[in-house]
Amino acid sequence: IDKWATQGDRRDDARLLEAVVFLRAQRFQKSLAILSELNQDGPNRHEVLLYAGEALNLTRQFSDAADVLSLLVREQPENVEGHRWLGATFYDLGAYDAAIAELKEVVHLAPIDFRPHYLLAIMYADFEQHTEAIQEAKNAIAKRAPENVRKDLHLVIARSQIALLQFNEALQILDLVPRCGDEALLRARCLIAKGESSDVPFLIDRAKQELGETPELALLECDFLEQENHLAEAANQLDVSIQKFPTNA
């Protein structure tokens, strides 16, 4: 019996690895199909739950993902990846307090990991809790977030500082960001707020080239025209923007 049990475990190990390969290849339904066939009470139970929760999240089956991942962290309270995916899933479900609680648990369990701070910064910015967003973004940077992530974190900080009317501080942060459309847009917003408009047309043009036409850029251009006392042109621009972006009006 032990011999056959061992062979069964090995087959499950191989199938689990196959499911993970499909998951990483973004063939989520194939991965889920394999995971559903594995022994749910065998030695790989918690790995099956984790990868199933991840695949369910990535296929936007958030309620099912939350159920699976909640079971996982109840059975394995120190499963860092389980808490991380559960936090992301709660965020997708709009359960923000629960999402924050899960990510804070990740911070506790993995104190050198930048990723929970990154997600918390994004969440707090979405909630317009800008002081908290700035602090979590700085925490992620301090924990050696990679360069491409640091760019996003600096943009989060700059946006939050602009919301807090900290325009000089935002400009200093934007000096750390490689040239990009979002950097140009935020820099233009700071300069308009400070009444320093000479570089704003150039920045708006650069932002348009990289981002295309967006509601945020359209409103920024209206603000600039109004500040320059081109009131009729600003009103016309606003009308055009409302027609282009009716859901943002």
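Note that this is a predicted model, so its numbers are computed, not measured.

Rules behind the numbers
Residues numbered from 1 in each chain as written. Predicted model: local features only at pLDDT ≥ 70, side-chain atom pairs only at ≥ 80, totals over all residues. Heavy atoms only, no water. Axes fitted to C-alpha atoms, helices over the stretch in contact; angles between N-to-C directions. Helix = DSSP H or I, 4+ residues; strand = E, 2+ residues; numbered from the N terminus. Parallel < 35°, antiparallel > 145°, perpendicular 65-115°, else oblique. Left-handed = near helix turned anticlockwise from the far one by under 90°. Contact = heavy atoms within 4.5 Å. Buried < 20%, exposed > 50% of the residue type's maximum accessible area, 1.4 Å probe, protein only. Expected span 1.5 Å × (residues − 1). Core = buried A, V, L, I, M, F, W, Y, C linked by side-chain atoms within 4.5 Å. Phe/Tyr/Trp six-rings, centres within 6.5 Å; stacked < 30°, edge-to-face > 60°. Polar contact = N/O pair within 3.5 Å; in protein donor to acceptor, adjacent residues only side chain to side chain.

Novice: I'd love a proper account of the packing of helix α5 (residues 80-93) against helix α6 (residues 96-109), names of residues and values included.
Specialist: Pairs of packed helices are described in terms of their axes, by the angle between the two and the distance that separates them. Where α5 contacts α6, the two axes come as close as 8 Å, and the packing angle between them is 160 degrees. In terms of axis orientation, α5 runs roughly antiparallel to α6. The way α5 lies across α6 gives a crossing that is left-handed. Where α5 approaches α6, its residues V80, H83, R84, L86, G87, F90 and Y91 are matched on the opposing element by Y96, A98, A99, E102, L103, E105, V106 and L109.

Novice: Please give an account of unusual backbone geometry that cites residues and values.
Specialist: Of note, the phi angle at R60 is positive, near 65 degrees, even though the residue is not glycine. Mapping R60 onto the fold places it in the loop between α3 (45-58) and α4 (62-75). We classify R60 as exposed; its relative accessible area is 63%. The phi dihedral of E128 is positive, around 60 degrees, even though this residue is not glycine. Here E128 lies in the loop between α7 (115-126) and α8 (130-142).

Novice: Tell me about α4, and name the residues and values.
Specialist: The terminal C-alpha atoms of α4 lie 20 Å apart, and with 14 residues this matches the ideal 20 Å at 1.5 Å per residue to within 8%. Considered for burial, the residues of α4 that qualify are F62, A65, A66, V68, L69, S70, L72 and V73. Against the buried residues of α4 lie α3 and α5.

Novice: Tell me about the nonpolar core, and please be specific about residues and values.
Specialist: Within the largest apolar cluster, 67 residues are counted, with the highest numbers of intra-cluster contacts made by L35, L69, L153, L186, V200, I204 and L220. Filtering out sequence-adjacent residues up to four positions away, L186 remains in contact with L155, A158, R159, I162 and L174.

Novice: I'd love a proper account of the packing of aromatic side chains, names of residues and values included.
Specialist: In this structure the tally under the stated criterion is three aromatic pairs. When the ring of Y91 is compared with that of Y96, the centres are 5.8 Å apart and the planes differ by 50 degrees; the resulting orientation is tilted. Judged by relative accessible area, Y91 falls into the partly exposed class, the value being 24%. With a centroid separation of 4.5 Å and an interplanar angle of 50 degrees, the aromatic rings of Y96 and F127 are classed as tilted. Separated by 31 residues along the polypeptide, Y96 in helix α6 and F127 in the loop between α7 and α8 bring together distant segments of the chain. Here the aromatic residues Y91, Y96, Y124 and F127 are joined through ring pairs into a cluster of three or more.

Novice: Go over α8 with me, naming the residues and quoting the values.
Specialist: For α8, spanning 13 residues, the distance from its first C-alpha to its last is 18 Å, which sits close to the expected 18 Å at 1.5 Å a residue. Listed as buried for α8 are H130, A133, I134, E136, A137 and A140. Against α7 and α9 (147-163) lie the buried residues of α8. Following α8 by one or two positions, R144 adopts a phi angle in the positive range, close to 65 degrees.

Novice: So what's going on with the side chain of S70? Which residues, and what values?
Specialist: For S70, the position within the fold is in helix α4. Owing to a relative accessible area of 18%, S70 belongs among the buried residues under this scheme. There is a polar contact of 2.7 Å between the side chain of S70 and the backbone oxygen of A66. With residues up to four places along the chain from it excluded, the contact list for S70 reads L86 and F90.

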